[in-house]
Amino acid sequence: MYKISKKSKQILILGVSVMTILFIIYKVIGRNEQSIEGGHGNRRDAVEDIIHNEHDLAESSHRIEELEEKIAVLEKRIPRTYQDVKYLNYLTRKRILVTGGAGFVGSHLVDKLMKEGQEVIVVDNFFTGRKQNVEHWIGHENFEMIHHDIVHPLYIEVDEIYHLASPASPPHYMQNPVKTIKTNTIGTINILGLARRVNAKILLASTSEVYGDPEIHPQPESYWGHVNPIGPRACYDEGKRISETLTYAYAQQENMHVRVARIFNTYGPRMHMNDGRVVSNFILQALKSEVITIYGSGEQTRSFQYVTDLVDGLVLLMNSNYTQPVNLGNPVEHTINQFAEIIKDLLGGNSKIVHLAEVQDDPQRRKPDISRAKKYLNWEPKVSLNIGLQKTVTYFREELRKFKHSQRNKFVDEH
Ligand SMILES: NC(=O)c1ccc[n+]([C@@H]2O[C@H](COP(=O)([O-])OP(=O)(O)OC[C@H]3O[C@@H](n4cnc5c(N)ncnc54)[C@H](O)[C@@H]3O)[C@@H](O)[C@H]2O)c1
(Lines give C-alpha, C1' and ligand atoms only; values in the text may rest on other atoms or scores of the structure.)
Protein backbone atom coordinates (compact mmCIF):
# COMPACT_ATOMS: atom_id res chain seq x y z
CA MET A 1 0.00 0.00 0.00
CA TYR A 2 1.14 3.55 -0.65
CA LYS A 3 2.61 4.94 2.57
CA ILE A 4 2.37 8.63 3.43
CA SER A 5 5.61 9.90 4.98
CA LYS A 6 5.58 11.90 8.21
CA LYS A 7 6.72 15.01 6.42
CA SER A 8 3.81 14.66 3.95
CA LYS A 9 1.41 14.25 6.91
CA GLN A 10 2.69 17.46 8.42
CA ILE A 11 2.33 19.26 5.12
CA LEU A 12 -1.23 17.84 4.81
CA ILE A 13 -2.21 19.06 8.29
CA LEU A 14 -0.72 22.47 7.62
CA GLY A 15 -2.56 22.64 4.30
CA VAL A 16 -5.88 21.73 5.95
CA SER A 17 -5.38 24.33 8.69
CA VAL A 18 -4.54 27.05 6.18
CA MET A 19 -7.63 26.13 4.12
CA THR A 20 -9.80 26.23 7.28
CA ILE A 21 -8.51 29.68 8.21
CA LEU A 22 -9.03 30.97 4.67
CA PHE A 23 -12.57 29.59 4.64
CA ILE A 24 -13.41 31.24 7.98
CA ILE A 25 -11.92 34.56 6.87
CA TYR A 26 -13.91 34.29 3.66
CA LYS A 27 -17.11 33.68 5.65
CA VAL A 28 -16.36 36.53 8.06
CA ILE A 29 -15.69 38.98 5.23
CA GLY A 30 -18.84 37.77 3.45
CA ARG A 31 -20.96 38.42 6.50
CA ASN A 32 -19.43 41.84 7.04
CA GLU A 33 -20.12 42.73 3.43
CA GLN A 34 -23.69 41.55 3.72
CA SER A 35 -24.20 43.64 6.82
CA ILE A 36 -22.70 46.70 5.13
CA GLU A 37 -24.85 46.18 2.03
CA GLY A 38 -27.95 46.01 4.19
CA GLY A 39 -26.70 49.09 5.99
CA HIS A 40 -30.28 50.11 6.58
CA GLY A 41 -31.11 46.77 8.21
CA ASN A 42 -31.77 46.74 11.79
CA ARG A 43 -29.08 47.26 14.37
CA ARG A 44 -29.88 43.97 16.16
CA ASP A 45 -28.91 41.92 13.08
CA ALA A 46 -25.57 43.71 12.92
CA VAL A 47 -24.87 42.97 16.61
CA GLU A 48 -25.78 39.32 16.08
CA ASP A 49 -23.39 39.19 13.12
CA ILE A 50 -20.54 40.60 15.21
CA ILE A 51 -21.21 38.02 17.91
CA HIS A 52 -21.22 35.30 15.24
CA ASN A 53 -17.95 36.53 13.79
CA GLU A 54 -16.30 36.60 17.20
CA HIS A 55 -17.55 33.10 17.84
CA ASP A 56 -16.13 31.88 14.48
CA LEU A 57 -12.79 33.53 15.18
CA ALA A 58 -12.59 31.99 18.66
CA GLU A 59 -13.43 28.60 17.16
CA SER A 60 -10.78 28.90 14.47
CA SER A 61 -8.13 30.04 16.99
CA HIS A 62 -8.98 27.01 19.06
CA ARG A 63 -8.73 24.75 15.99
CA ILE A 64 -5.35 26.28 15.06
CA GLU A 65 -4.06 25.64 18.57
CA GLU A 66 -5.13 22.00 18.30
CA LEU A 67 -3.40 21.63 14.93
CA GLU A 68 -0.23 23.29 16.23
CA GLU A 69 -0.15 20.81 19.08
CA LYS A 70 -0.54 17.92 16.64
CA ILE A 71 2.30 19.26 14.46
CA ALA A 72 4.55 19.59 17.51
CA VAL A 73 3.82 15.95 18.43
CA LEU A 74 4.52 14.80 14.86
CA GLU A 75 7.76 16.78 14.72
CA LYS A 76 8.96 15.07 17.87
CA ARG A 77 8.22 11.70 16.30
CA ILE A 78 10.44 12.33 13.23
CA PRO A 79 13.60 10.47 14.18
CA ARG A 80 16.88 12.38 14.15
CA THR A 81 18.88 9.66 12.50
CA TYR A 82 22.14 11.55 12.01
CA GLN A 83 25.26 9.76 13.08
CA ASP A 84 27.02 11.28 16.08
CA VAL A 85 29.26 14.21 15.24
CA LYS A 86 31.88 15.74 17.50
CA TYR A 87 31.17 19.21 18.80
CA LEU A 88 33.73 21.82 17.73
CA ASN A 89 33.37 25.46 18.66
CA TYR A 90 33.62 28.27 16.12
CA LEU A 91 37.36 28.65 16.76
CA THR A 92 38.24 25.05 15.99
CA ARG A 93 35.55 24.18 13.42
CA LYS A 94 36.53 24.59 9.77
CA ARG A 95 34.33 25.26 6.75
CA ILE A 96 35.40 22.63 4.27
CA LEU A 97 34.40 22.39 0.62
CA VAL A 98 34.40 18.96 -1.02
CA THR A 99 34.02 19.22 -4.80
CA GLY A 100 32.61 15.96 -6.16
CA GLY A 101 31.40 15.23 -2.63
CA ALA A 102 28.38 13.22 -3.81
CA GLY A 103 30.64 10.71 -5.57
CA PHE A 104 32.09 7.47 -4.28
CA VAL A 105 35.26 8.74 -2.54
CA GLY A 106 33.84 12.21 -1.84
CA SER A 107 30.88 10.88 0.14
CA HIS A 108 33.13 8.81 2.42
CA LEU A 109 35.33 11.86 2.94
CA VAL A 110 32.22 13.89 3.81
CA ASP A 111 31.29 11.24 6.42
CA LYS A 112 34.71 11.50 8.05
CA LEU A 113 34.76 15.32 8.09
CA MET A 114 31.18 15.53 9.39
CA LYS A 115 31.94 13.07 12.21
CA GLU A 116 34.98 15.19 13.12
CA GLY A 117 32.51 18.06 13.67
CA GLN A 118 33.55 20.18 10.68
CA GLU A 119 31.15 22.24 8.57
CA VAL A 120 31.00 20.57 5.16
CA ILE A 121 29.85 21.99 1.85
CA VAL A 122 29.45 19.61 -1.08
CA VAL A 123 29.57 20.95 -4.61
CA ASP A 124 28.57 18.48 -7.31
CA ASN A 125 26.91 18.42 -10.71
CA PHE A 126 25.73 14.82 -10.14
CA PHE A 127 27.28 13.59 -13.38
CA THR A 128 28.52 10.41 -11.70
CA GLY A 129 27.61 11.27 -8.11
CA ARG A 130 24.32 10.54 -6.37
CA LYS A 131 22.38 12.53 -3.78
CA GLN A 132 21.74 9.17 -2.15
CA ASN A 133 25.44 8.97 -1.20
CA VAL A 134 25.13 11.94 1.17
CA GLU A 135 21.40 11.94 1.90
CA HIS A 136 22.04 10.83 5.50
CA TRP A 137 23.47 14.32 6.19
CA ILE A 138 20.79 16.38 4.45
CA GLY A 139 19.19 18.72 6.98
CA HIS A 140 22.13 18.53 9.40
CA GLU A 141 23.17 21.97 10.62
CA ASN A 142 26.82 21.37 9.63
CA PHE A 143 26.02 20.16 6.12
CA GLU A 144 25.20 21.93 2.89
CA MET A 145 24.90 20.69 -0.69
CA ILE A 146 25.23 22.89 -3.76
CA HIS A 147 24.24 21.68 -7.22
CA HIS A 148 26.93 23.30 -9.33
CA ASP A 149 29.22 22.48 -12.24
CA ILE A 150 32.78 23.53 -11.43
CA VAL A 151 33.35 24.52 -15.05
CA HIS A 152 31.59 27.71 -13.89
CA PRO A 153 33.14 29.93 -11.19
CA LEU A 154 32.02 29.49 -7.60
CA TYR A 155 31.96 32.18 -4.94
CA ILE A 156 31.81 30.93 -1.37
CA GLU A 157 33.84 31.34 1.83
CA VAL A 158 35.77 28.27 3.00
CA ASP A 159 38.92 27.38 4.96
CA GLU A 160 39.85 24.18 3.12
CA ILE A 161 39.03 22.55 -0.21
CA TYR A 162 39.22 18.89 -1.17
CA HIS A 163 39.03 19.04 -4.96
CA LEU A 164 37.66 15.69 -6.14
CA ALA A 165 35.22 16.70 -8.88
CA SER A 166 36.01 14.70 -12.01
CA PRO A 167 34.67 11.50 -13.48
CA ALA A 168 37.05 8.72 -12.47
CA SER A 169 36.20 5.51 -14.30
CA PRO A 170 37.06 4.94 -17.99
CA PRO A 171 33.48 4.56 -19.31
CA HIS A 172 32.48 7.76 -17.47
CA TYR A 173 35.41 9.92 -18.51
CA MET A 174 35.40 8.59 -22.07
CA GLN A 175 31.68 9.28 -22.48
CA ASN A 176 32.40 12.98 -22.97
CA PRO A 177 36.18 13.43 -23.24
CA VAL A 178 35.94 17.17 -23.93
CA LYS A 179 33.88 17.70 -20.77
CA THR A 180 36.41 15.61 -18.80
CA ILE A 181 39.17 17.91 -20.03
CA LYS A 182 37.11 21.02 -19.24
CA THR A 183 36.43 19.77 -15.71
CA ASN A 184 40.13 19.12 -15.13
CA THR A 185 41.33 22.38 -16.68
CA ILE A 186 38.70 25.14 -16.43
CA GLY A 187 37.14 23.44 -13.39
CA THR A 188 40.45 23.12 -11.58
CA ILE A 189 41.34 26.75 -12.43
CA ASN A 190 38.00 27.85 -10.96
CA ILE A 191 38.57 25.92 -7.75
CA LEU A 192 42.18 27.09 -7.46
CA GLY A 193 40.94 30.65 -8.08
CA LEU A 194 38.41 30.23 -5.28
CA ALA A 195 41.15 28.92 -2.95
CA ARG A 196 43.33 31.92 -3.82
CA ARG A 197 40.53 34.45 -3.25
CA VAL A 198 39.63 33.14 0.19
CA ASN A 199 43.14 31.98 1.12
CA ALA A 200 42.01 28.36 1.58
CA LYS A 201 44.26 25.33 1.69
CA ILE A 202 43.52 23.03 -1.26
CA LEU A 203 44.05 19.32 -1.84
CA LEU A 204 43.87 17.97 -5.39
CA ALA A 205 42.69 14.38 -5.89
CA SER A 206 45.09 13.32 -8.62
CA THR A 207 45.59 9.78 -9.81
CA SER A 208 48.06 7.00 -10.47
CA GLU A 209 47.00 7.45 -14.12
CA VAL A 210 49.51 10.31 -14.31
CA TYR A 211 52.09 7.50 -14.51
CA GLY A 212 50.28 6.08 -17.60
CA ASP A 213 51.52 2.63 -18.54
CA PRO A 214 54.57 2.79 -16.25
CA GLU A 215 58.03 1.65 -17.23
CA ILE A 216 59.24 1.43 -13.65
CA HIS A 217 57.77 -0.63 -10.88
CA PRO A 218 56.53 0.11 -8.26
CA GLN A 219 55.84 3.76 -9.07
CA PRO A 220 57.43 6.40 -6.82
CA GLU A 221 56.23 10.01 -6.96
CA SER A 222 59.48 11.03 -8.64
CA TYR A 223 58.52 9.04 -11.76
CA TRP A 224 57.31 11.33 -14.58
CA GLY A 225 55.09 8.80 -16.25
CA HIS A 226 54.48 7.22 -19.64
CA VAL A 227 51.24 8.58 -21.04
CA ASN A 228 49.89 8.46 -24.57
CA PRO A 229 48.71 12.07 -25.09
CA ILE A 230 46.21 11.18 -27.83
CA GLY A 231 44.94 7.77 -26.67
CA PRO A 232 41.40 7.07 -25.43
CA ARG A 233 42.43 7.63 -21.78
CA ALA A 234 44.30 10.88 -22.50
CA CYS A 235 41.34 13.13 -21.60
CA TYR A 236 41.61 11.89 -18.01
CA ASP A 237 45.34 11.13 -17.69
CA GLU A 238 46.44 14.39 -19.28
CA GLY A 239 43.56 16.21 -17.56
CA LYS A 240 44.92 15.16 -14.17
CA ARG A 241 48.50 15.94 -15.21
CA ILE A 242 47.53 19.49 -16.14
CA SER A 243 45.51 19.75 -12.91
CA GLU A 244 48.72 18.98 -11.01
CA THR A 245 50.67 21.48 -13.13
CA LEU A 246 48.04 24.16 -12.46
CA THR A 247 48.06 23.41 -8.73
CA TYR A 248 51.83 23.90 -8.44
CA ALA A 249 51.80 26.95 -10.74
CA TYR A 250 49.21 28.62 -8.47
CA ALA A 251 51.19 27.56 -5.38
CA GLN A 252 54.36 29.12 -6.72
CA GLN A 253 52.90 32.24 -8.25
CA GLU A 254 50.22 33.01 -5.67
CA ASN A 255 51.96 31.60 -2.61
CA MET A 256 49.16 29.15 -1.88
CA HIS A 257 48.99 26.09 0.38
CA VAL A 258 48.49 23.04 -1.82
CA ARG A 259 48.45 19.25 -1.39
CA VAL A 260 48.39 16.63 -4.16
CA ALA A 261 47.28 13.03 -3.59
CA ARG A 262 47.98 10.50 -6.35
CA ILE A 263 45.24 7.99 -5.74
CA PHE A 264 45.55 4.36 -6.82
CA ASN A 265 42.64 1.95 -7.50
CA THR A 266 40.10 2.31 -4.72
CA TYR A 267 37.03 0.21 -3.99
CA GLY A 268 34.26 -0.04 -1.42
CA PRO A 269 30.56 0.61 -0.81
CA ARG A 270 29.00 3.38 -2.94
CA MET A 271 31.36 2.71 -5.84
CA HIS A 272 29.58 2.69 -9.17
CA MET A 273 28.06 -0.68 -9.97
CA ASN A 274 28.60 -0.28 -13.69
CA ASP A 275 31.83 1.67 -13.82
CA GLY A 276 33.44 -1.02 -15.96
CA ARG A 277 36.39 -1.45 -13.62
CA VAL A 278 37.64 -4.79 -12.45
CA VAL A 279 36.29 -4.80 -8.86
CA SER A 280 32.71 -3.92 -9.77
CA ASN A 281 32.74 -6.06 -12.93
CA PHE A 282 33.88 -9.21 -11.17
CA ILE A 283 31.64 -8.82 -8.11
CA LEU A 284 28.55 -8.17 -10.24
CA GLN A 285 29.30 -11.02 -12.61
CA ALA A 286 29.87 -13.43 -9.69
CA LEU A 287 26.74 -12.25 -7.83
CA LYS A 288 24.64 -12.82 -10.94
CA SER A 289 26.40 -16.15 -11.66
CA GLU A 290 27.46 -14.77 -15.02
CA VAL A 291 30.75 -15.38 -16.83
CA ILE A 292 33.69 -13.46 -15.26
CA THR A 293 35.41 -11.59 -18.10
CA ILE A 294 39.12 -10.80 -18.12
CA TYR A 295 40.52 -8.47 -20.76
CA GLY A 296 43.84 -9.74 -22.15
CA SER A 297 45.96 -12.46 -20.56
CA GLY A 298 45.00 -11.52 -16.99
CA GLU A 299 48.67 -11.31 -16.03
CA GLN A 300 48.43 -7.50 -15.73
CA THR A 301 48.52 -6.44 -12.08
CA ARG A 302 46.46 -4.11 -9.93
CA SER A 303 46.55 -3.13 -6.28
CA PHE A 304 43.29 -2.29 -4.54
CA GLN A 305 42.85 0.02 -1.61
CA TYR A 306 39.75 0.17 0.58
CA VAL A 307 38.01 3.54 0.56
CA THR A 308 38.30 4.31 4.29
CA ASP A 309 42.09 3.86 4.08
CA LEU A 310 42.19 6.40 1.26
CA VAL A 311 40.01 8.90 3.13
CA ASP A 312 42.26 8.63 6.22
CA GLY A 313 45.24 9.34 3.94
CA LEU A 314 43.57 12.36 2.33
CA VAL A 315 42.80 13.98 5.68
CA LEU A 316 46.31 13.24 7.02
CA LEU A 317 47.82 14.79 3.89
CA MET A 318 45.63 17.90 4.14
CA ASN A 319 46.64 18.34 7.79
CA SER A 320 50.35 17.73 7.15
CA ASN A 321 52.96 20.24 6.07
CA TYR A 322 53.98 18.16 3.08
CA THR A 323 53.41 19.89 -0.26
CA GLN A 324 54.83 17.45 -2.85
CA PRO A 325 52.62 14.76 -4.49
CA VAL A 326 51.95 11.70 -2.32
CA ASN A 327 50.88 8.24 -3.54
CA LEU A 328 47.90 6.83 -1.66
CA GLY A 329 47.27 3.21 -2.52
CA ASN A 330 47.61 -0.34 -1.32
CA PRO A 331 50.93 -1.87 -2.40
CA VAL A 332 49.64 -5.46 -2.19
CA GLU A 333 49.64 -6.47 -5.84
CA HIS A 334 47.45 -9.09 -7.55
CA THR A 335 47.25 -10.26 -11.11
CA ILE A 336 43.78 -9.91 -12.60
CA ASN A 337 43.65 -13.74 -12.86
CA GLN A 338 44.34 -14.05 -9.11
CA PHE A 339 41.74 -11.42 -8.36
CA ALA A 340 39.08 -13.27 -10.38
CA GLU A 341 39.78 -16.39 -8.31
CA ILE A 342 39.59 -14.39 -5.04
CA ILE A 343 36.14 -13.08 -5.99
CA LYS A 344 34.97 -16.53 -7.08
CA ASP A 345 36.11 -18.06 -3.78
CA LEU A 346 34.53 -15.27 -1.75
CA LEU A 347 31.15 -15.59 -3.42
CA GLY A 348 31.27 -19.35 -3.86
CA GLY A 349 29.38 -19.21 -7.15
CA ASN A 350 29.93 -21.28 -10.25
CA SER A 351 30.82 -18.46 -12.66
CA LYS A 352 33.22 -19.43 -15.45
CA ILE A 353 36.23 -17.21 -16.22
CA VAL A 354 36.77 -16.20 -19.87
CA HIS A 355 39.42 -14.04 -21.53
CA LEU A 356 38.52 -11.29 -24.02
CA ALA A 357 40.68 -9.06 -26.24
CA GLU A 358 43.06 -6.65 -24.49
CA VAL A 359 41.87 -3.06 -23.95
CA GLN A 360 43.88 -0.28 -25.68
CA ASP A 361 46.42 1.48 -23.40
CA ASP A 362 45.48 -0.72 -20.43
CA PRO A 363 48.36 -0.31 -17.93
CA GLN A 364 50.17 -3.62 -17.44
CA ARG A 365 51.51 -3.05 -13.94
CA ARG A 366 50.24 -0.84 -11.19
CA LYS A 367 51.61 -0.74 -7.67
CA PRO A 368 52.28 2.31 -5.53
CA ASP A 369 55.51 3.00 -3.77
CA ILE A 370 54.10 4.38 -0.52
CA SER A 371 57.36 5.19 1.30
CA ARG A 372 56.57 8.92 1.09
CA ALA A 373 53.14 8.50 2.70
CA LYS A 374 54.67 6.31 5.41
CA LYS A 375 57.45 8.79 6.09
CA TYR A 376 55.58 12.09 5.99
CA LEU A 377 52.05 11.07 6.96
CA ASN A 378 52.72 7.96 9.02
CA TRP A 379 50.06 6.37 6.81
CA GLU A 380 49.63 2.94 5.37
CA PRO A 381 46.52 0.94 4.43
CA LYS A 382 44.91 -1.06 7.24
CA VAL A 383 41.91 -2.83 5.73
CA SER A 384 42.63 -6.27 4.29
CA LEU A 385 41.34 -7.19 0.82
CA ASN A 386 39.14 -9.89 2.32
CA ILE A 387 37.37 -7.56 4.80
CA GLY A 388 37.06 -4.76 2.25
CA LEU A 389 35.62 -7.08 -0.39
CA GLN A 390 33.09 -8.51 2.05
CA LYS A 391 31.78 -5.01 2.81
CA THR A 392 31.67 -4.17 -0.89
CA VAL A 393 29.86 -7.39 -1.77
CA THR A 394 27.25 -6.68 0.94
CA TYR A 395 26.69 -3.24 -0.59
CA PHE A 396 26.40 -4.62 -4.14
CA ARG A 397 23.95 -7.32 -3.01
CA GLU A 398 21.73 -4.69 -1.39
CA GLU A 399 21.92 -2.46 -4.48
CA LEU A 400 20.96 -5.38 -6.72
CA ARG A 401 18.03 -6.18 -4.40
CA LYS A 402 16.85 -2.54 -4.57
CA PHE A 403 17.25 -2.55 -8.33
CA LYS A 404 15.17 -5.73 -8.71
CA HIS A 405 12.54 -4.25 -6.42
CA SER A 406 12.37 -1.02 -8.41
CA GLN A 407 12.15 -3.04 -11.63
CA ARG A 408 9.20 -4.99 -10.17
CA ASN A 409 7.45 -1.76 -9.32
CA LYS A 410 8.16 -0.14 -12.65
CA PHE A 411 5.13 1.13 -14.49
CA VAL A 412 4.42 -1.06 -17.48
CA ASP A 413 2.34 0.50 -20.21
CA GLU A 414 0.26 -2.35 -21.57
CA HIS A 415 -1.19 -0.45 -24.52
N1 LIG B 1 38.08 5.78 -7.27
C2 LIG B 1 39.32 5.61 -7.66
O3 LIG B 1 39.79 4.47 -7.74
C4 LIG B 1 40.18 6.80 -7.98
C5 LIG B 1 41.50 6.57 -8.39
C6 LIG B 1 42.28 7.65 -8.70
C7 LIG B 1 41.81 8.95 -8.58
N8 LIG B 1 40.53 9.15 -8.19
C9 LIG B 1 40.06 10.54 -8.12
O10 LIG B 1 39.26 10.76 -6.99
C11 LIG B 1 38.19 11.65 -7.29
C12 LIG B 1 36.87 11.00 -6.91
O13 LIG B 1 36.72 9.79 -7.62
P14 LIG B 1 35.47 8.82 -7.40
O15 LIG B 1 35.92 7.44 -7.59
O16 LIG B 1 34.77 9.20 -6.15
O17 LIG B 1 34.60 9.20 -8.66
P18 LIG B 1 33.06 9.58 -8.75
O19 LIG B 1 32.73 9.62 -10.19
O20 LIG B 1 32.26 8.69 -7.88
O21 LIG B 1 33.03 11.04 -8.12
C22 LIG B 1 33.34 12.19 -8.83
C23 LIG B 1 32.30 13.24 -8.47
O24 LIG B 1 32.59 14.46 -9.17
C25 LIG B 1 31.38 14.96 -9.71
N26 LIG B 1 31.69 15.79 -10.88
C27 LIG B 1 32.22 15.39 -12.06
N28 LIG B 1 32.36 16.44 -12.89
C29 LIG B 1 31.94 17.54 -12.21
C30 LIG B 1 31.81 18.91 -12.53
N31 LIG B 1 32.18 19.39 -13.73
N32 LIG B 1 31.31 19.76 -11.60
C33 LIG B 1 30.92 19.30 -10.39
N34 LIG B 1 31.01 17.99 -10.03
C35 LIG B 1 31.50 17.12 -10.93
C36 LIG B 1 30.56 13.75 -10.03
O37 LIG B 1 29.18 13.99 -10.18
C38 LIG B 1 30.89 12.85 -8.85
O39 LIG B 1 30.03 13.07 -7.78
C40 LIG B 1 38.30 11.96 -8.77
O41 LIG B 1 38.93 13.19 -8.94
C42 LIG B 1 39.16 10.85 -9.31
O43 LIG B 1 39.90 11.27 -10.43
C44 LIG B 1 39.70 8.10 -7.89
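Preceding this paragraph is the structure being described.
The rules behind these values
- Residues numbered from 1 in each chain as written.
- Predicted model: local features only at pLDDT ≥ 70, side-chain atom pairs only at ≥ 80, totals over all residues.
- Helix = DSSP H or I, 4+ residues; strand = E, 2+ residues; numbered from the N terminus.
- Buried ≥ 20, exposed ≤ 12 C-beta atoms within 10 Å, placed from the backbone.
- Contact = placed C-beta atoms within 7 Å.
- Near = placed C-beta within 6 Å.
- Nonpolar A, V, L, I, M, F, W, Y, C, P; charged D, E, K, R; others polar.
- Axes fitted to C-alpha atoms, helices over the stretch in contact; angles between N-to-C directions.
- Parallel < 35°, antiparallel > 145°, perpendicular 65-115°, else oblique.
- Left-handed = near helix turned anticlockwise from the far one by under 90°.
- Expected span 1.5 Å × (residues − 1).
- Bend = angle between axes of the 7 residues up to and from the residue.
- Pairing = 2+ DSSP bridges.
- Right-handed = clockwise from strand over helix to strand, strands pointing away.

## Observations concerning the overall build of the chain
Alright, step 1. Tallying secondary structure elements over the chain gives 11 helices and 13 strands in all.
Alright, step 2. Residue burial in the chain is summarised as follows: out of 415 residues, 34% are buried.
Alright, step 3. Nonlocal contacts in the chain, meaning residues at least 24 apart in sequence, comprise 80% of its contacts between residues at least 6 apart.

## Some remarks on the site of the ligand
Alright, step 1. Taken together, 27 residues form the shell around the ligand, and within it Gly 100, Gly 103, Val 105, Thr 128 and Gly 129 come nearest.
Alright, step 2. Elements represented by at least two residues in the shell around the ligand include exactly α3 (104-116), α5 (177-198) and β5 (201-207).
Alright, step 3. With three residues, the top contributor of residues to the shell around the ligand is α3.
Alright, step 4. A per-class count over the shell around the ligand returns 13 nonpolar, 12 polar and two charged.

## Quick notes on the packing of helix α7 (residues 278-287) against helix α9 (residues 336-347)
Alright, step 1. Remark: α7 packs on α9, axes separated minimally by 10 Å, with the N-to-C direction vectors making an angle of 40 degrees. With respect to each other, α7 and α9 are oriented oblique. Crossing geometry of α7 relative to α9 is assigned as right-handed. Between α7, through Val 278, Phe 282, Ile 283, Ala 286 and Leu 287, and α9, the contact on the second element is made entirely by Ile 336, Phe 339, Ala 340, Ile 343, Lys 344 and Leu 347.
Alright, step 2. Per-class residue counts for the contact of α7 with α9 are 10 nonpolar, no polar and one charged.

## Brief notes about the environment of Val 315
Alright, step 1. Mapping Val 315 onto the fold places it in helix α8 (residues 307-319).
Alright, step 2. Residues Val 315 and Tyr 162 lie 153 residues apart in sequence; the distance between their C-alpha atoms is 9.2 Å.

## So, α5
Alright, step 1. Spanning 22 residues, α5 covers 31 Å between terminal C-alpha atoms, matching the ideal 32 Å at 1.5 Å per step.
Alright, step 2. Of all bends in α5, the biggest is about 30 degrees, found at Gly 187.
Alright, step 3. Where α5 is buried, its residues touch β1 (95-99), β4 (160-163), α4 (170-175), β5 and α6 (234-254).
Alright, step 4. At the exit of α5 stands Asn 199, carrying a positive phi of roughly 60 degrees.

## Digging into the pairing of β4
Alright, step 1. Residues Glu 160 and Tyr 162 of β4 are buried on one face, and the alternating residues Ile 161 and His 163, pointing to the opposite face, are buried as well.
Alright, step 2. Where β1 and β4 come together, four bridges link them in parallel fashion. Looking across to β4, one finds that Ile 96 is bridged to Glu 160.
Alright, step 3. Here β4 runs beside β5; their pairing, made up of four bridges, is parallel.

## What about unusual backbone geometry?
Alright, step 1. The omega torsion of the bond from His 217 to Pro 218 falls at -15 degrees, within 30 degrees of zero and hence cis.
Alright, step 2. Positive phi values are uncommon outside glycine, yet Asn 199 reaches one of about 60 degrees.
Alright, step 3. Relative to the helices and strands, Asn 199 resides in the loop between α5 and β5.
Alright, step 4. Residue classification places Asn 199 among the exposed residues on the basis of 12 C-beta atoms within 10 Å.
Alright, step 5. The phi dihedral of Asn 255 falls on the positive side, at around 55 degrees, and the residue is not glycine.
Alright, step 6. As for its position among the elements, Asn 255 is in the loop between α6 and β6 (258-263).
Alright, step 7. For Asn 255, a count of 9 C-beta atoms within 10 Å puts it in the exposed group.

## Details of the pairing of β6
Alright, step 1. Within β6, six of the six residues are buried, which leaves the element mostly enclosed by the surrounding structure.
Alright, step 2. Burial along β6 is two-sided: the face carrying Val 258, Val 260 and Arg 262 and the face carrying Arg 259, Ala 261 and Ile 263 are both buried.
Alright, step 3. Here six bridges tie β5 to β6, and the two strands are oriented parallel to one another. Bridge pairing in β6 places Thr 207 opposite Ile 263.
Alright, step 4. The β-α-β motif built from β5, the intervening α6 and the parallel element β6 has right-handed crossover chirality.
Alright, step 5. Where β6 meets strand β11 (residues 326-328), three bridges bridge the pair, whose relative direction is parallel. Its bridge partner being in β11, Ala 261 is matched across the sheet by Val 326.

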